[in-house]
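Per-entry structural report
These are the residues of each chain, in order.
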Amino acid sequence: MRQSLGLVSLLVRDYDEALAFFVGKLGFVLVEDSYLAAQDKRWVVVSPPGAGESRLLLARASSDERLSRIGAQSGGRVFLFLYTDDFARDYARYQAAGVEFVHPPRQEAYGTVAVFQDLYGNLWDLLQPAAS
């Protein structure tokens, strides 16, 4: 049996501001942006460059309850882990693009890591795994 996690839904306030961050600042690839007329919403999927299976569905919050969860989907802990093959390159690029790092880079047994936040305050690890 083979399974994979294809999409993770991330609540956003606005599709276009989310795209400006994820595509414009982080360099993610826009995989799909389709209008769903029957539901008056868009199906917006982005993916880190070079990723095959992992993708984010940018889901516009459509109720007060969902709006209250934007930026807090994980209760304040690191929510998503963005693996990289070149930590120094991506760290420098993100800093130049104005991405806010809330914890500086550090070496751990599992690799090089720094914590940043997205435009809504969700915490992410930028992580280059240690060589096995």
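What counts and how
- Residues numbered from 1 in each chain as written.
- Predicted model: local features only at pLDDT ≥ 70, side-chain atom pairs only at ≥ 80, totals over all residues.
- Heavy atoms only, no water.
- Phe/Tyr/Trp six-rings, centres within 6.5 Å; stacked < 30°, edge-to-face > 60°.
- Salt bridge = Lys/Arg side-chain N within 4 Å of Asp/Glu carboxyl O.
- UniProt positions renumbered as here; feature names shortened; annotations may be inferred.
- Helix = DSSP H or I, 4+ residues; strand = E, 2+ residues; numbered from the N terminus.
- Pairing = 2+ DSSP bridges.
- Axes fitted to C-alpha atoms, helices over the stretch in contact; angles between N-to-C directions.
- Contact = heavy atoms within 4.5 Å.
- Buried < 20%, exposed > 50% of the residue type's maximum accessible area, 1.4 Å probe, protein only.
- Arc of directions from axis to C-beta.

**Comments concerning the packing of aromatic side chains**
In this structure the tally under the stated criterion is nine aromatic pairs. Taken together, the ring pairs in this structure connect Phe 21, Phe 22, Phe 28, Phe 87, Tyr 91, Tyr 94, Phe 101, Phe 116 and Trp 124 into an aromatic cluster.

**Here we look at the pattern of salt bridges**
Taken as a whole and assessed by the stated rule, the structure comprises nine salt bridges. A single salt-bridge network, built from bridges that share partners, covers Asp 85, Arg 89, Asp 90 and Arg 93.

**Focus: the UniProt feature "domain: VOC" (unreviewed entry) in the protein chain**
Mapped onto this numbering, the UniProt entry gives "domain: VOC" (unreviewed entry) at residues 4–129. Annotated as residues 4–129, this span is 21% helix and 44% strand, and its ends, taken at the C-alpha atoms, are 20 Å apart.

**Some points on the sheet that holds strand β4 (residues 55–60)**
Neighbouring strands of a sheet are bound in pairs by backbone hydrogen bonds; such pairs are parallel or else antiparallel. Read across the sheet, four strands follow the order β1-β4-β3-β2 without closing on themselves; strand pairing throughout is mixed. In the strand order of this sheet, the two ends are held by β1 (7–12) and β2 (29–36), each with one partner. Averaged over all neighbouring strand pairs, the angle between strand axes comes to 25°, with direction disregarded. When β1 meets β4, the two strands line up parallel, connected through six bridges. Looking at the pairing, Leu 7 lines up with Arg 55 of β4. Along the sheet, helix α1 (residues 15–25) makes contact with β1, β2, β3 (41–47) and β4, crossing β3 at roughly 5°.

**Looking at helix α3 (residues 87–96)**
In an α-helix there are 3.6 residues to a turn, and that puts residues three or four apart on one side. Within the sequence span of α3, burial applies to Phe 87, Asp 90, Tyr 91 and Tyr 94. Buried positions in α3, seen along its axis, are confined to an arc of 100° and lie on one side of it. Across α3 from its buried face, at more than 90 degrees, point the exposed residues Ala 88 and Ala 96. Against α1, β5 (78–83), β6 (100–108), β7 (111–117) and β8 (123–129) lie the buried residues of α3.

**Describing unusual backbone geometry**
Residues other than glycine seldom take positive phi values, yet Asp 40 does so here, at roughly 50°. Structurally, Asp 40 is set in the loop between β2 and β3. When its relative accessible area of 48% is taken as the criterion, Asp 40 is described as partly exposed.

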